[in-house]
Amino acid sequence: MTCLECGLEVDGEIVSYEKVDGVWTTVGAKHYACRQNADWRQFRADHRLTTRLMLDAIFNADQERYGEIRADVARVNAAVKKFESEVWFDSAPVIGECKYTGRPVRARVNSSLQTFVESFQSRASGKSKEVEMLTFISAGCVVITLQTSGADVTLIAAEGEQTERMGLQGINATAAEAVALIEAMAHWRAFDVKPNDHVRLM
Ligand SMILES: [Zn+2]
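Residues numbered from 1 in each chain as written. Predicted model: local features only at pLDDT ≥ 70, side-chain atom pairs only at ≥ 80, totals over all residues.

**What to know about the overall build of the chain**
Tallying secondary structure elements over the chain gives five helices and 11 strands in all. Projecting the C-alpha coordinates of the chain onto the three principal axes gives extents of approximately 60 × 35 × 30 Å. A burial count over the chain gives 32% of its 202 residues as buried. Pairs at least 24 residues apart make up 49% of the contacts formed inside the chain by residues separated by at least 6 positions. (Helix = DSSP H or I, 4+ residues; strand = E, 2+ residues; numbered from the N terminus. Buried ≥ 20, exposed ≤ 12 C-beta atoms within 10 Å, placed from the backbone. Contact = placed C-beta atoms within 7 Å.)

As structure tokens, then:
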């Protein structure tokens, strides 16, 4: 098999996936480095963050070329943390800190998005204007995907836990699009949320 990027022979086990019409599809083989270079060039062209790019930036912390990507991810992470304290926990008072991580622990309030999402126990979805929220609870985790046409961001939180440990699970959006999706959740009460067994992990 030959590499889709450089045309040289490649180990058949290194397979590249691309999102085609929203579905991850096998497109052929690429050398690992060729795949990384192609993803990085794509970011230079469209400034879209992907989960794969985010991981490349984390695992290649010494590479200067990922600096802009790390800065964009940090911007999205800042929006995640603001969302977590102000919306997910509805600015509930801090009642302590986690003895392992030192992170703040919030009181649980009925008005929070956390209480609302966890009341569905399993899968639910809802929409307001252009933003759709999909939630999935499994194995002690709450996975929240926020999407609009052409952009999505996925957050992960611990089910039933009040410690501030929400994180970015996946992304397919520019930093600005991701931040806008997260900030739209300030208006989650306007979302028409219902149980939805068709929600799958993305
Ligand atoms: Zn190659």
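Anyway, onward from the coordinates.
**Here we look at the domain arrangement of the chain**
Domain parsing of the chain yields domain 1 (1-46) and domain 2 (66-195). With centres defined by C-alpha atoms, the gap from domain 1 to domain 2 works out at 31 Å. (Domains from an automatic or database assignment.)

**Overview of the environment of Val 15**
Looking at the element boundaries, Val 15 is found in strand 1 (residues 15-20). Owing to 14 C-beta atoms within 10 Å, Val 15 belongs among the partly exposed residues under this scheme. Taking the C-alpha atoms as reference points, Val 15 and Val 27, separated by 12 residues in sequence, lie 7.6 Å from one another. Val 15 has contacts with Thr 26 and Ala 29, leaving out every residue within four places of it along the chain.

**Topic: the nonpolar core**
Soluble globular proteins tend to pack their nonpolar side chains together in the buried interior. Leu 49, Val 76, Ala 178 and Ile 182 are the most contacted members of the largest nonpolar core, which totals 44 residues. At the level of secondary structure, the elements contributing two or more residues to this core comprise helix 2 (51-59), helix 3 (67-88), helix 4 (113-118), strand 7 (131-138), strand 8 (141-148), strand 9 (151-158), strand 10 (167-174) and helix 5 (175-184). Ranked by the residues each element gives to this core, the list is headed by helix 3, at seven residues. (Core = buried A, V, L, I, M, F, W, Y, C linked by C-beta atoms within 7 Å.)

**A word on helix 1 (residues 32-46)**
Here helix 1 spans 21 Å end to end across 15 residues, near enough to the 21 Å set by a 1.5 Å rise per residue. When we look at burial in helix 1, the residues that qualify are Arg 35, Gln 36 and Phe 43. Projected down its long axis, helix 1 shows its buried positions confined to an angular sector of 100 degrees, all on one face. The exposed set on the far side of helix 1, more than 90 degrees from its buried face, consists of Ala 33, Arg 41, Arg 44 and Ala 45. (Expected span 1.5 Å × (residues − 1). Arc of directions from axis to C-beta.)

**With respect to the pairing of strand 4 (residues 94-97)**
Across a regular strand the side chains alternate sides, sitting on one face of the sheet and then on the other. For strand 4 and strand 5 (residues 104-106), the ladder comprises three bridges, and the chain directions are antiparallel. Following the sheet pairing, Gly 96 is matched in strand 5 by Val 105. Counted along the chain from strand 4 to the antiparallel partner strand 5, the turn is six residues long, and its residue Gly 102 has a positive phi close to 75 degrees. (Pairing = 2+ DSSP bridges.)

**Regarding the sheet that holds strand 6 (residues 123-128)**
Pairing is antiparallel across the open sheet formed by seven strands, whose spatial order is 3-10-9-8-7-6-11. Among the strands making up the open sheet, the edge pair consists of strand 3 (48-50) and strand 11 (194-195). Of the strand pairs in this sheet, strand 3 and strand 10 are connected by three bridges, and their pairing is antiparallel. Residue pairing in the sheet places Thr 50 in a bridge with Asn 172 of strand 10. Against the sheet, helix 3 engages strand 3, strand 9 and strand 10, with an angle of about 120 degrees to strand 10. (Axes fitted to C-alpha atoms, helices over the stretch in contact; angles between N-to-C directions.)

**A short note on the pairing of strand 7**
Most of strand 7 sits out of view: six of its eight residues are buried. Summarising the sheet, strand 6 and strand 7 pair through six bridges and their orientation is antiparallel. Of the residues in strand 7, the one forming a bridge with Ser 128 is Val 131. The loop that links strand 6 with its antiparallel partner strand 7 comprises two residues; one of these, Lys 129, has a positive phi angle of about 50 degrees. Sheet topology note: the strand 7/strand 8 ladder contains seven bridges and is antiparallel. The residue bridging Leu 134 from the neighbouring strand is Thr 145, located in strand 8. If you look at the hairpin formed by strand 7 and strand 8, you'll find two residues sitting between the two strands, and Ala 139 has a positive phi there, around 50 degrees.

**Description of the environment of Thr 50**
Its place among the elements puts Thr 50 in strand 3. When the 18 C-beta atoms within 10 Å are taken as the criterion, Thr 50 is described as partly exposed. Taking the C-alpha atoms as reference points, Thr 50 and Gly 22, separated by 28 residues in sequence, lie 13 Å from one another.

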